[in-house]
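Chain by chain, the residues run as shown.
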Amino acid sequence: MRQQSFPIDNYFMYLAERYLDKASDLLREGSIVLHSVKKGYHLFEVNQDHTYEVEVLVGRKKVRSFSCECKHYLDHQMCAHIAAGIKMIVEQRAKRQHQKKKDANAKSASTLHVNKLVSKLEIQDLRAFVQKYAAQDTAFSLKLKAQFAHLVELKNNDIKYFEILRRHEKHIIKTKINRLKFRKISNFVADLLDLSADLSVHKNYQEAYGIIYGCLSYLISRNILFSPFEPIEVNLVTHERLQDLLRADIAPDLLKKVFRQARQLYMENDYKVVDSQLNLYYILFQAYGPSQQQTILEDVKKLHSTQVDLDRMLTQTLLRLYVEDGDLPSLRELILDEDHERGLLEEIFNILLTPHLSKRDGQDPHLKKVGKKWSFEILVELYERSSSRLQRNAMLHILQQAGAPQELLQRLYLDCFLKDTDQQVLVKLKQMDKWKRSRKVIIDHLQTHSHNRMLANLYRNEHMTEELIDMLESSNDMPLLLEHVQYLHNSNQDWTQKRLLQLMTQHLDKHLGYQSVSYVGKIIRTLEKNHLRRLSNKIKDTLIEIYPERSFFTKALKQV
């Protein structure tokens, strides 16, 4: 099967229109039949002039691989039969989704309306009904538990919601966790967080924080258990709720309690940062005063220095804290001390170009200017230290996107080209001002290092025909001459014909038989592909005149 991955929902963007049109005809005619499906592996049979088997392997969201027995597939690695199979899979999925919605709507329509129920039942009858309904409907039961969790009373209310979540987990998991069970747990956490939002609206900040703290404690303690299912979304929502709460007008005592308990959470547990802004360190740093900020900064610095495998998100968080604190020396040291990948380099630059480098200095316009200038300088220093071609290109791209001065970019791009001789960098240089000044340096570099192919392209693009001819005159590189033969022929027909014959006769004087015929045949065909049939005929005629005694060669040449 051919391995090619693309989203199944957007399959039509990856298949040619001619295949999709034929696929529709095959489906309409009923010429393709699904034989079997097993773990995403679909086997089809196509009945036309011949019978073909089609295989399509589909994951949850992507087509993974496919094959067909037809000749067109063997030649082109794709055919209308495969397109028809994929289209049938998509249509069947759409039908199943439609049926699910239909069933869900039917179930919803049959559900009793609460308002009607309340108006007709006594309290004790209503309680009995709710208990009975909750016993039958798990989703309703969980919603109910989340909605009234704040009414539960424990001796230690600080761990109340943690205990509620642990009991809920015990009830759901029982033996082994899977994705469905994890989804039920994360939905319960989300329902609790919705309750905390409602409590905040009614200014019950103490209880709202209790829910957030319980959810945080629970998620941190269950990191290992939940890691296969990547609970990032519920993690971020929990942190977001904490951030919203700390922006509200909460009492000083509660503010102190939040700081103490949140710090205890990341100090005593294996706390994992999943977002450089929605994490305990950054949220607390932004919400509290200078003394607490320094405490958090020291905590993160210590953790960062003791990590064997540096965590990218933790590094980003530390960068953000240094930016917020306005600590440029520490920020510079952190950036220059590590070998950053491209994604992190872009994140660093985004952080550096925040509206201000220091929270304490507010919106000082001078500091904005200094911050941007300093950011450019630090990235230039990073560029100069880098031994990686990919990293240098990444930093140049970032500087250009951020609007670095043209003169600085031109200098760095030229330096990058001289280090890497990269064609893409050369294209960037040509788009800049003062290109002609750079061009001379580049040509000298290419000549010195014998980069003839790139040099020939440069001469051609710059219409430096004489220089290109001089270079090809001193080189016996026939493939390079053929790459530019059409341009050279348009510029100087006599020289092009003469040079081609020179190189061909040099070869023919040394080689006989099939090798000489093959060599000349390739050249003739290349000329004809470049719409130079007249030139190829002249060369054939001239070679027949030069080598009349080679009957095998001249006969073969006439047939080319």
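Everything numeric in this text was worked out from a predicted model, so none of it was measured.

### Re the overall build of the protein
Along its length, the protein carries 30 helices and five strands. For the protein, with 560 residues in total, the buried portion stands at 44%. The contacts in the protein between residues at least 6 apart in sequence include a share of 57% that link residues at least 24 apart. Just so you have it, the protein exposes about 32400 Å², and 50% of that area is on carbon and sulfur atoms.

### Remarks on the sheet that holds strand β2 (residues 32-38)
With respect to topology, five strands assemble into an open sheet ordered β1-β5-β4-β3-β2, the strand pairing being antiparallel. Strand pairing shows two members of the sheet lacking a second neighbour, β1 (2-7) and β2, which therefore form its edges. This sheet shows a mean twist of 25° between the axes of neighbouring strands, independent of strand direction. Bridge count between β2 and strand β3 (residues 41-47): six bridges; the pairing is antiparallel.

### Some remarks on a positive patch on the surface
There is a patch of like positive charges on the surface, built from Arg60, Lys61, Arg179 and Arg183. The exposure class of Arg183 is partly exposed, given its relative accessible area of 41%.

### Here's the deal with the pattern of salt bridges
Taken as a whole and assessed by the stated rule, the structure comprises 18 salt bridges. Across the pair Glu462 and Arg439 runs a salt bridge whose closest N-O atoms are separated by 2.8 Å. Residue Glu462 is located in the loop between α23 (452-461) and α24 (465-473), and its partner Arg439 is located in helix α22 (residues 435-448); the two are separated by 23 residues in the primary sequence. One exposure class covers both Glu462 and Arg439, and it is buried. One salt-bridge network, in which partners are shared between bridges, spans Arg332, Glu381 and Arg385.

### A few points about a nonpolar patch on the surface
A cluster of nonpolar side chains, namely Phe12, Met13 and Tyr14, defines an oily patch on the protein surface of about 360 Å² accessible area. When you line up the elements, Tyr14 lands in the loop between β1 and α1 (17-29).

### Description of helix α19 (residues 389-401)
The first and last C-alpha atoms of α19 sit 19 Å apart over 13 residues, in line with the 18 Å expected at 1.5 Å per residue. Along α19, the residues classified as buried are Gln391, Arg392, Ala394, Met395, Leu396, Ile398 and Leu399. Phi turns positive one or two residues past the end of α19, at Gly403, with a value near 80°.

### Points about the packing of aromatic side chains
One pass over the full model with this rule turns up nine aromatic pairs. What links up through ring pairs into an aromatic cluster is the set Phe6, Tyr14 and Phe66. Above the face of the Tyr19 ring, Arg18 is positioned so that its terminal group lies 4.5 Å from the ring centre. Taking the ring centre of Tyr282 as reference, the NZ or CZ of Arg320 above it sits at 6.0 Å.

### Looking at the side chain of Ser438
Residue position: Ser438 is located in helix α22. When sequence neighbours within four positions are dropped, the list of residues in contact with Ser438 reads Gln410, Leu414 and Leu429.

### Some words on a negative patch on the surface
A contiguous patch of negative charge, built from Glu466, Glu467, Asp470 and Glu473, is present on the exposed surface. Residue position: Asp470 is located in helix α24. Relative accessible area serves as the criterion here: at 51%, Asp470 is assigned to the exposed category.

### Focus on unusual backbone geometry
In this structure, Lys203 takes a positive phi of about 65° despite not being glycine. Mapping Lys203 onto the fold places it in the loop between α8 (179-201) and α9 (205-221). Phi at His463 takes a positive value of approximately 55°, unusual for a residue other than glycine. Structurally, His463 is set in the loop between α23 and α24.

### Looking at the packing of helix α11 (residues 232-247) against helix α13 (residues 280-287)
If you want to describe how two helices pack, look at the angle between their axes and the distance between the axes. Where α11 meets α13, the axes come as close as 10 Å, and the angle between the chain directions of the two elements is 5°. With respect to their mutual orientation, α11 and α13 come out roughly parallel. Side by side, α11 and α13 meet where His239, Leu242, Gln243 and Leu246 of the first sit next to Leu280, Ile283, Leu284, Gln286 and Ala287 of the second. Class assignment of the residues belonging to the contact of α11 with α13 gives a composition of six nonpolar, three polar and no charged.

### Remarks on the side chain of Gln293
You can see Gln293 is positioned in helix α14 (residues 290-306). Since its relative accessible area comes to 8%, Gln293 is described here as buried. Here Tyr288 takes part through its backbone oxygen, which lies 3.1 Å from a polar atom of the side chain of Gln293.

### So, the packing of helix α29 (residues 533-546) against helix α30 (residues 551-559)
Close contact between α29 and α30 brings their axes to 10 Å; oriented N to C, the two are set at 170°. The pairing of α29 with α30 is recorded here as roughly antiparallel in orientation. As α29 runs across α30, the sense of the crossing is left-handed. Of the residues in α30, those touching α29 at Lys540, Leu543 and Ile544 are Phe553, Thr554, Leu557 and Lys558. For the contact of α29 with α30, a count of residues per class yields four nonpolar, one polar and two charged.

### Remarks on the confidence of the model for the protein
When the pLDDT values of the protein are averaged, the result is 82; 83% of them are 70 or greater. Note on residues 356-369: pLDDT is under 50 here. Beyond four places in sequence and across chains, it has 24 contacts.

### Some remarks on the environment of Arg28
Looking at the element boundaries, Arg28 is found in helix α1. The exposure class assigned to Arg28 is exposed, which follows from its relative accessible area of 62%.

Here is what the cut-offs are and how they apply
- Residues numbered from 1 in each chain as written.
- Predicted model: local features only at pLDDT ≥ 70, side-chain atom pairs only at ≥ 80, totals over all residues.
- Heavy atoms only, no water.
- Helix = DSSP H or I, 4+ residues; strand = E, 2+ residues; numbered from the N terminus.
- Buried < 20%, exposed > 50% of the residue type's maximum accessible area, 1.4 Å probe, protein only.
- Contact = heavy atoms within 4.5 Å.
- Areas by Shrake-Rupley, 256 points an atom, 1.4 Å probe, with all protein chains shown as cover.
- Pairing = 2+ DSSP bridges.
- Axes fitted to C-alpha atoms, helices over the stretch in contact; angles between N-to-C directions.
- Patch = residues over 30% accessible without salt bridge, like charges linked within 9 Å, V, L, I, M, F, W, Y side chains within 5 Å.
- Salt bridge = Lys/Arg side-chain N within 4 Å of Asp/Glu carboxyl O.
- Lys, Arg positive; Asp, Glu negative; His and termini not counted.
- Charge placed at Lys NZ, Arg CZ, Asp CG, Glu CD.
- Expected span 1.5 Å × (residues − 1).
- Phe/Tyr/Trp six-rings, centres within 6.5 Å; stacked < 30°, edge-to-face > 60°.
- Lys NZ or Arg CZ within 6 Å of the ring centre and 35° of its normal.
- Parallel < 35°, antiparallel > 145°, perpendicular 65-115°, else oblique.
- Nonpolar A, V, L, I, M, F, W, Y, C, P; charged D, E, K, R; others polar.
- Polar contact = N/O pair within 3.5 Å; in protein donor to acceptor, adjacent residues only side chain to side chain.
- Left-handed = near helix turned anticlockwise from the far one by under 90°.
- pLDDT = per-residue confidence, 0-100.

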